[in-house]
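A look at the structure
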Amino acid sequence: LGTQIVWQFQLDPLSAFFLLILRVVGVAASVHALGYFRGLDKVELQRVLIPLPIFLSAMALVLMAGNAYSFLVAWEAMALSSSFLILAQSQTPTARRAAYLYLLIAHLGALCLLAAFALLGHGNPLSGNDFSDMARHIHTPWQTQAIYLLTLLGFGAKLGAAPLHVWLPEAHPAAPSPVSALMSAAMLPIALYGLLRIDWVILPSFGISWSLIWLALGLLTAGFGVLFSTLQRDLKRLLAYSSMENMGLILVALGLARLFAAANAPTLAALALTAGLLQTLNHAFFKGLLFLGSGSVFHSTGTIDMGRLGGLIRVMPQTTLLMLIGTLAIAGLPPLNGFASEWMLLQAFLLSPQMASGALQAILPLAATGVVLVL
């Protein structure tokens, strides 16, 4: 209780990478919002113009937070402001339900993160100690295992990992398209940043067991996203499930990288980690493009029901071209960016027979098969 609580911020290569993603997506979504929200009355504009800059600022502060207090306050501001933005344009019961569900999952995740930081800070979740001090603390094995579990639940809820994904296909269709683009292309990667910051930078290597858990959870999330995306007629709901698929693939890449690192294969670990980070960057670009494109389609046609859309190339040739590029990229077709990261991930799996462990040589081909089915 006597610990002085202070704001603390820092910038390192890890946070700079995710800030780059936030900057590009934030600028694109903000420019698109100028036209998207044109015509709203004063009250409707206030529902956008007040929480939107708070949302953007909170995401930036999460990425630059240097201690638990700064991180958790910015994390909560990010969740609250984005929940208001979900209701910025629509106050229907469906939109309200989506916002409430999002807040429920977000706060459950925040409670897990609060408990994780309490263990990291030896009982004080709002400790003024910076992250580098936490990395020097000695934690018992059960504390370390508990932190791994709590952070996976807390950040997994935000990135849409199965089975905590239930908010994602509800919130994205309800939110205005610029907000959906920010949530999918910028906010979801911030959850990945949190996992990397705590489980990779602060804590020691979590060994093979937790690496396999990340790998399995990523495959489950990606498979679930692919399966349900094929059943959708609503364009934004389809893109939401596609975001879930991409987060799963990135989680697979990160789990594989940590697995290689634990098995003393640093070259393969670097390859898998690069594939995961590149897929994060690619997802931000093409998913942001597709969500913004869906907003243009909605403004021109009044619907994003794909069963009622057709022939848009004649009336929206520029939007059609851009969305075609985004679709080809998300499909992983060469020579676009989506192909590069997915090919690197497959290469990491193909090189895994070099591993000395016989058990891993048996498990990783099965995981590679799952990745191929998802792709």
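In this text, all values refer to a predicted model and were calculated from it rather than measured experimentally.

Within the protein chain, the regular secondary structure consists of 16 helices and zero strands. In summary, the protein chain has a C-alpha radius of gyration of 20 Å against a globular reference of 21 Å for 375 residues, a match within 12%. Counting the 375 residues in the protein chain, one finds 53% classified as buried. Across the protein chain, the fraction of contacts at a sequence separation of at least 24, relative to all contacts at a separation of at least 6, is 78%. Roughly 15,600 Å² of accessible area belongs to the protein chain as shown, and the carbon and sulfur atoms make up 70% of that amount. In the protein chain, the 16 positive side-chain charges and the 12 negative ones have mean positions that sit 7 Å from each other.

With respect to the element layout, K236 can be found in helix 11 (residues 235-262). The charged side chain of K236 is buried without a salt bridge, its nearest counter-charge being D234 at 7.0 Å. A polar contact is formed between the side chain of K236 and the side chain of S180, at a distance of 3.2 Å.

Another point: the confidence of the model for the protein chain. In regions of low pLDDT, the predicted coordinates are not meant to be interpreted in detail. In this model, the protein chain carries an average pLDDT of 87, and 93% of its residues clear a pLDDT of 70 or more. When the elements of the protein chain are averaged for pLDDT, helix 6 (residues 131-136) gives the smallest value, 74, and helix 3 (residues 51-64) the largest, 95.

The next subject is the layout of surface pockets. Each pocket or cavity is described by its volume, and for the largest pocket that value is around 510 Å³. What lines the largest pocket is a set of 25 residues, among which L235, L290, M306, M323 and T327 lie closest to the centre. Secondary structure elements with two or more residues in the lining of the largest pocket: helix 10 (207-229), helix 11, helix 12 (266-301), helix 13 (312-315) and helix 14 (317-330). Within the lining of the largest pocket, the residues separate by chemical class into 16 nonpolar, seven polar and two charged. Here the second largest pocket defines a volume of roughly 310 Å³. Lining the second largest pocket are 18 residues, with P173, A174, A175, K236 and F298 positioned closest to its centre.

Let's shift gears to the nonpolar core. Of all hydrophobic cores here, the largest spans 86 residues; its most connected members are F71, W75, F117, W167 and M183. With 15 residues, the top contributor of residues to this core is helix 9 (residues 177-202). Counting 24 residues, the second-largest nonpolar core is a separate cluster that includes A253, A275, A348 and V374.

Our next topic: the packing of helix 2 (residues 42-49) against helix 3. With their axes 4 Å apart at the nearest point, helix 2 and helix 3 run at an angle of 10 degrees to one another. Comparing the axis directions of helix 2 and helix 3 gives the class roughly parallel. Residues Q46, R47, V48 and L49 of helix 2 form the contact with helix 3, whose own contacting residues are P51, L52 and P53. Taken together, the residues that form the contact of helix 2 with helix 3 break down as five nonpolar, one polar and one charged.

Here P204 shows up in the loop between helix 9 and helix 10. For the pair P204 and R136, spaced 68 residues apart in sequence, the C-alpha separation works out to 9.9 Å.

Together, L321, L322, L324, I325, L328 and L333 make up an exposed nonpolar region whose accessible area comes to about 510 Å². Mapped onto the secondary structure, L328 falls in helix 14. Residue L328 is classed as partly exposed on the basis of its relative accessible area of 34%.

Following A162, the chain continues into P163 via a peptide bond in cis, with omega recorded as 5 degrees. Position of P163 relative to the elements: it lies in the loop between helix 7 (141-159) and helix 8 (168-174). With an omega of 5 degrees, the peptide bond between P334 and P335 qualifies as cis. Along the polypeptide, P335 turns up in the loop between helix 14 and helix 15 (337-350). Despite not being glycine, N264 has its phi angle at roughly 60 degrees, a positive value. Residue placement: N264 occurs in the loop between helix 11 and helix 12.

To continue, consider the pattern of salt bridges. Counted according to the given criterion, the structure contains four salt bridges. With a shortest N-O distance of 3.1 Å, D305 and R233 are connected by a salt bridge. In this pair, D305 is assigned in the loop between helix 12 and helix 13 and R233 in the loop between helix 10 and helix 11, connecting sequence segments 72 residues apart. Among the ionic contacts, a cluster of salt bridges with common partners joins R97, E170 and R237.

Conventions and cut-offs
Residues numbered from 1 in each chain as written. Predicted model: local features only at pLDDT ≥ 70, side-chain atom pairs only at ≥ 80, totals over all residues. Heavy atoms only, no water. Helix = DSSP H or I, 4+ residues; strand = E, 2+ residues; numbered from the N terminus. Rg over C-alpha atoms; globule rule 2.2 N^0.38 Å. Buried < 20%, exposed > 50% of the residue type's maximum accessible area, 1.4 Å probe, protein only. Contact = heavy atoms within 4.5 Å. Areas by Shrake-Rupley, 256 points an atom, 1.4 Å probe, with all protein chains shown as cover. Lys, Arg positive; Asp, Glu negative; His and termini not counted. Charge placed at Lys NZ, Arg CZ, Asp CG, Glu CD. Salt bridge = Lys/Arg side-chain N within 4 Å of Asp/Glu carboxyl O. Polar contact = N/O pair within 3.5 Å; in protein donor to acceptor, adjacent residues only side chain to side chain. pLDDT = per-residue confidence, 0-100. 1 Å grid on protein atoms, 1.4 Å probe; cavity = no way out; pocket = protein on both sides within 12 Å on 5 of 7 lines; lining within 4 Å. Points joined across faces, edges and corners; volume = space filled by probe spheres on them. Nonpolar A, V, L, I, M, F, W, Y, C, P; charged D, E, K, R; others polar. Core = buried A, V, L, I, M, F, W, Y, C linked by side-chain atoms within 4.5 Å. Axes fitted to C-alpha atoms, helices over the stretch in contact; angles between N-to-C directions. Parallel < 35°, antiparallel > 145°, perpendicular 65-115°, else oblique. Patch = residues over 30% accessible without salt bridge, like charges linked within 9 Å, V, L, I, M, F, W, Y side chains within 5 Å.

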